[in-house]
Every structure is written in C-alpha cells, then in structure tokens.
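Next come the chains, spelled out residue by residue.
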Amino acid sequence: MISELKVKVAALTSELIEYKSVRGQLRIAEPDQENGDLRSKFRSYKDTISLHNLWLYFSRQRGKIKLRIDGR
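Everything in this summary refers to the structure shown in the same document. (Residues numbered from 1 in each chain as written. Predicted model: local features only at pLDDT ≥ 70, side-chain atom pairs only at ≥ 80, totals over all residues. Heavy atoms only, no water.)

1. Concerning the overall build of the protein
We count it as follows: Strands are runs of DSSP state E lasting at least two residues, helices are runs of H or I lasting at least four, and both sets are numbered from the N terminus onward. Residue exposure (1.4 Å probe, protein chains only): buried if accessible area is under 20% of the type maximum, exposed if over 50%, otherwise partly exposed. Working definition of accessibility: Shrake-Rupley area with a 1.4 Å probe, residue cover restricted to the visible protein chains.
Counting its regular elements, the protein contains 2 helices and 0 strands. Taken over 72 residues, the protein has a buried fraction of 1%. Only carbon and sulfur atoms are counted for the fraction: they give 58% of the accessible area of the protein, which is about 7300 Å².

2. Here's the deal with a nonpolar patch on the surface
To keep things clear, this is the line we draw: The residues that make up patches have over 30% relative accessible area and no salt bridge, and they are joined within 9 Å when like-charged or within 5 Å when they are Val, Leu, Ile, Met, Phe, Trp or Tyr. The salt bridge definition used is simple: a Lys or Arg side-chain nitrogen within 4 Å of an Asp or Glu carboxyl oxygen.
On the surface, Leu-54, Trp-55, Leu-56, Tyr-57 and Phe-58 cluster together into a nonpolar patch covering about 480 Å² of accessible area. For Leu-56, the location among the structural elements is in the loop between helix H1 (2-51) and helix H2 (62-71). Classification of Leu-56 as partly exposed rests on a relative accessible area of 33%.

3. Focus: unusual backbone geometry
Leave glycine aside and you will find that most residues have negative phi; peptide bonds, for their part, are mostly trans. Phi angles above zero are rare outside glycine, and Asn-53 is one such case at about 50 degrees. Considering the arrangement of structural elements, one finds Asn-53 in the loop between H1 and H2. According to the relative accessible area criterion, Asn-53 is exposed, its value standing at 59%.

4. Examining the packing of aromatic side chains
Formally: To pair, rings of Phe, Tyr and Trp, with the six-membered ring standing in for Trp, must have centres within 6.5 Å; the planes then decide the type, stacked if under 30 degrees apart, edge-to-face if over 60, and tilted in the middle.
For the structure shown, the criterion picks out 1 aromatic pair. Summarising the aromatic geometry, the rings of Trp-55 and Phe-58 are spaced 6.1 Å apart at their centres and angled 70 degrees between planes, so their arrangement reads as edge-to-face. Judged by relative accessible area, which is 41%, Trp-55 ranks as partly exposed.

5. Things to note about H1
In an α-helix, one turn spans 3.6 residues, which is why side chains three or four residues apart end up on the same side. Just so we agree on the cut-off: By this rule the span expected of a helix is its residue count minus one, scaled by 1.5 Å.
Its 50 residues place the ends of H1 74 Å apart at the C-alpha level, agreeing with the 74 Å of an ideal helix rising 1.5 Å per residue. Just beyond H1, the residue with positive phi is Asn-53, at close to 50 degrees.

6. What to know about the environment of Ile-49
The condition is simple: Whether two residues touch is decided by their heavy atoms; if any such pair falls within 4.5 Å, the residues are in contact.
Residue position: Ile-49 is located in helix H1. Leave out the neighbours within four places in its chain, and Ile-49 touches Leu-54, Trp-55 and Phe-58.

Everything listed here is a matter of geometry and, on its own, says nothing about what the molecule does.
Shown next as structure tokens:
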C-alpha cells in the first residue's frame, strides 16, 4: 500500500508541476495582451490629439497657458 501511495504522490506531483507551468504561462500572456491593447489605445489618443491640435492642453506648463488664455 505504501508503494502504491508513493507512486500516486509522484504522479500527482508531476501533474501539479505541469499545471503550475501552464498557469505561469497564462499569467505572462495576460499582461502582454493588456500592454498591447493599451499601446494601441494610446496611439489612437495621440493621433486624435494631434489631429485636433490639442497638445497645448497636455504640456507640463498647462496651468500657465490656461491662465494666459483665460486672461485675454
């Protein structure tokens, strides 16, 4: 009986290692896919901003520019 249980434990251990490997690959694939989706959206947003000439609203000195525009 002990030898049968040892064989079962060994089989289950190798099966567990296989599942962990697949699970690890899925974890890597999800962020890569999400990263690609976000890059695509970002490109789209940049294109829209450029198309409508809105970059002045995204500059680091936005507050100063806004004050100048509002002050006129």
